[in-house]
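Coordinates in review
Listed here are the chains, written in short residue letters.
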Amino acid sequence: MNREVTLPLIVDDRGTLQVAASDVSKLLRTVGGRWLHLVEAGQEGLDEDTVAALTIELAKLADRIDVACIAHSSGAGS
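Residue numbers here run from 1 along each chain, matching the order of that chain's written sequence. Whole-chain, interface and lining totals are the exception, using all residues; otherwise, since this is a predicted model, local features are given only for residues with pLDDT of at least 70 and side-chain atom pairs are given and counted only at 80 or more. Hydrogens and waters are ignored; side-chain quantities use all the structure's heavy atoms.

1. Notes on the overall build of the protein chain
What counts as a helix is a DSSP run of H or I of at least four residues, what counts as a strand is a run of E of at least two, and both are numbered from the N terminus. Within the protein chain, the regular secondary structure consists of 2 helices and 0 strands. When burial is assessed residue by residue, the protein chain has 15% of its 78 residues classed as buried. By definition in these notes, contact holds between two residues if any of their heavy atoms fall within 4.5 Å. In the protein chain, the share of contacts with a sequence separation of at least 24, taken over all contacts with a separation of at least 6, comes to 58%. Carbon and sulfur atoms make up 56% of the accessible area of the protein chain, which amounts to about 6100 Å² in all. Exposure is judged per residue with a 1.4 Å probe applied to protein chains only, and the accessible area is read against the type maximum: over 50% gives exposed, under 20% gives buried, and values in between give partly exposed. Here the accessible surface of atoms and residues is derived via Shrake-Rupley with a 1.4 Å probe, and residues count as covered only by protein chains that are part of the display.

Shown next as structure tokens:
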């Protein structure tokens, strides 16, 4: 099951982003990294393959947010 996620950019009437993309993408990458750390530490109940797949998807989503925001700030999205 491979679904695309639409990433709406939340901007005000002047086109200013309301959430720092770097904060959101950092959060997504941090969550994935912490999950991997738990697996490496032997946390019971976590499937290594599932955690790896979810971490990869979070990183892809973070990358897409970064790209969309770069395009927005460069004027490509206008």
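2. With respect to helix α1 (residues 21-40)
Every α-helical turn comprises 3.6 residues, leaving residues that sit three or four positions apart pointing alike. Look at α1: 29 Å from first C-alpha to last across 20 residues, which is about the 28 Å you get at 1.5 Å a residue. Of all the residues in α1, the buried ones are Ala21, Ser25, Leu28, Gly32 and Val39. Looking straight down α1, one finds that the buried residues subtend no more than 60° of arc, so they occupy a single side. In α1, the exposed positions that point more than 90 degrees away from the buried face belong to Ser22, Asp23, Lys26, Leu27, Arg34 and His37. Trailing α1 by a residue or two, Gly42 shows a phi angle of about 85°, which is positive. A helix is expected to span 1.5 Å multiplied by its residue count minus one. To obtain the arc, one takes the directions from the helix axis to the C-beta atoms.

3. Concerning helix α2 (residues 48-73)
When the terminal C-alpha atoms of α2 are compared, their 37 Å separation across 26 residues agrees well with the 38 Å that a helix rising 1.5 Å per residue should span. The set of residues buried in α2 consists of Val51, Thr55, Leu58, Ala62, Ile65 and Cys69. Next to the buried residues of α2 lie α1. Where α2 terminates, the next one or two residues include Gly75, which has phi positive at roughly 90°.

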